[in-house]
Amino acid sequence: MPKPTQQTRLPVAVMVSGTGRHLNHLAQLASSGELPIEICLCISSRAGVGALQFAGHWNIPVEVPDPARDLSPEAYGEMIFAMLEERGVQTVILAGFLRFLPIPARWENRVLNIHPSLLPAFGGAGYYGRHVHAAVIKRGCTLSGCTVHYVDNVFDNGPILVQRSCKVHASDDSDTLASRVFEQELIAYPEAIRMHLARMAESER
Ligand code: GRF
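The sections below set out a description of the structure shown in this document. Only a predicted model underlies this, so the values are computations on that prediction, with no experimental measurement involved.

How each quantity is defined
- Residue positions are given per chain, counting from 1 as you read along its sequence in written order.
- In keeping with the predicted nature of the model, local features appear solely for residues at pLDDT of at least 70, side-chain atom pairs appear and are counted solely at 80 or more, and the whole-chain, interface and lining totals rest on all residues.
- With hydrogens and water stripped out, all remaining heavy atoms of the structure feed into the side-chain values.
- Working definition: helices are DSSP H or I runs of at least four residues, strands are E runs of at least two. Numbering for both runs from the N terminus.
- For this measure, only C-alpha atoms enter the radius of gyration; the expected value for a globule follows 2.2 Å times N^0.38, where N is the number of residues.
- Summary of the burial criterion: residues with accessible area below 20% of their type's maximum are buried, those above 50% are exposed, and those between are partly exposed, where the area comes from a 1.4 Å probe applied to protein chains only.
- Note on definitions: a residue-residue contact is assigned when non-hydrogen atoms from the two residues lie within 4.5 Å.
- Reported accessibility uses the Shrake-Rupley method at a 1.4 Å probe radius. Residues are deemed covered only where the shown protein chains occlude them.
- Charged residues are defined narrowly, with Lys and Arg counted positive, Asp and Glu counted negative, and His plus the chain ends left uncounted.
- For this purpose, a charge sits on NZ of Lys, CZ of Arg, CG of Asp or CD of Glu.
- Any two strands are treated as partners once DSSP identifies two or more bridges connecting them.
- A single heavy atom is enough: if one lies within 4 Å of a molecule or strand, its residue is considered near that molecule or strand.
- Nitrogen and oxygen atoms within 3.5 Å of one another constitute a polar contact, given that in protein one can donate a hydrogen and the other can accept it, and given that sequence-neighbouring residues count only through two side-chain atoms.
- Here the term charged refers only to Asp, Glu, Lys and Arg, the term nonpolar to Ala, Val, Leu, Ile, Met, Phe, Trp, Tyr, Cys and Pro, and the term polar to all other amino acids, Gly among them.

1. A few points about the overall build of the chain
In step 1: Looking only at helices and strands, one finds five helices and seven strands in the chain.
In step 2: Its helices and strands in sequence order give the chain the pattern β-α-β-α-β-α-β-β-α-β-β-α, from N to C terminus.
In step 3: In terms of C-alpha radius of gyration, the chain reaches 17 Å, essentially the compact-globule figure of 17 Å for 205 residues.
In step 4: When the backbone C-alpha atoms are referred to their principal axes, the chain occupies close to 55 × 45 × 35 Å.
In step 5: Counting across all 205 residues of the chain, residues that qualify as buried make up 47%.
In step 6: Counting only contacts in the chain whose residues sit at least 6 apart along the sequence, the fraction spanning at least 24 positions is 65%.
In step 7: As displayed, the chain has an accessible area near 10800 Å², and 52% of this comes from carbon and sulfur atoms.
In step 8: Counting 18 positive and 20 negative side-chain charges, the chain places the centres of these two groups 6 Å from one another.

2. Observations regarding the sheet that holds strand β1 (residues 10–16)
In step 1: The sheet built from seven strands is open, its strands ordered β3-β2-β1-β4-β5-β6-β7 with mixed pairing. Of all strands in the sheet, those with a lone pairing partner are β3 (62–63) and β7 (160–167), marking the two edges.
In step 2: Here four bridges tie strand β5 (residues 111–115) to strand β6 (residues 143–150), and the two strands are oriented antiparallel to one another. What sits directly across from N113, in β6, is H149.

3. A look at the site of the ligand
In step 1: With respect to spatial proximity, the complete set of residues near the ligand consists of T19, G20, R21, H22, G96, I114, H115, P116 and E185.
In step 2: In this structure, T19 approaches the ligand through a side-chain N or O atom, which is 2.3 Å from an oxygen atom.
In step 3: Within the residue set of the shell around the ligand, elements represented by two or more residues are α1 (21–32) and β5.
In step 4: Among the residues making up the shell around the ligand, the classes are represented as two nonpolar, five polar and two charged.

4. Some remarks on the environment of I37
In step 1: Along the polypeptide, I37 turns up in strand β2 (residues 37–44).
In step 2: Overall, I37 belongs to the buried group, its relative accessible area being 0%.
In step 3: C-alpha separation for the pair I37 and T8, spaced 29 residues apart in sequence, amounts to 8.2 Å.
In step 4: When near neighbours in sequence (up to four residues on either side) are disregarded, I37 contacts R9, L10, V12, L26, A30 and I193.

So, in structure tokens, the structure goes:
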């Protein structure tokens, strides 16, 4: 059997709407060779967000399609996936992306998302960012965490790849809980991407 001389890197796009801490972390792991991905494109739903500075730092090309949100969800999705296919992207990583993105059947199990709760709890429309953590605290949960899942056409609904939990303290507010959950997110996303890579390799055999 021929010995691979160079590890193949999966071409991915990272889609963002905000600060881009996951984008930065994944770019670091890609750059150091710890994660065999190549971030070929960063797509943002908004202009001027912090994530775009990280994209610039890592020399990742950026697109901000339809920033005024003129397009219907269907037209937006078609445009995004045409752009991804044109650039040879094989997997999409949603990282704090806050616009609804319809997923065509041919992209099933190739779009990943991270959500800052233990799904199916505290998922669905309206549960994003601090709203999730505030709801977890209000309900009196003693455990929270994060979930990485494949994306389908229902919010926070697709098959789960990785979950990691952390404690909720009585003294928590949504900021302190968000920080503790985010520590777990930084472990969960690379772990889920590795799992996805293994599944892709398995399906190609
Ligand atoms: C994370 O908390 C993630 O769970 C949620 O959005 C946040 C992303 O943050 N989906 P950032 O934009 O990567 O800093």
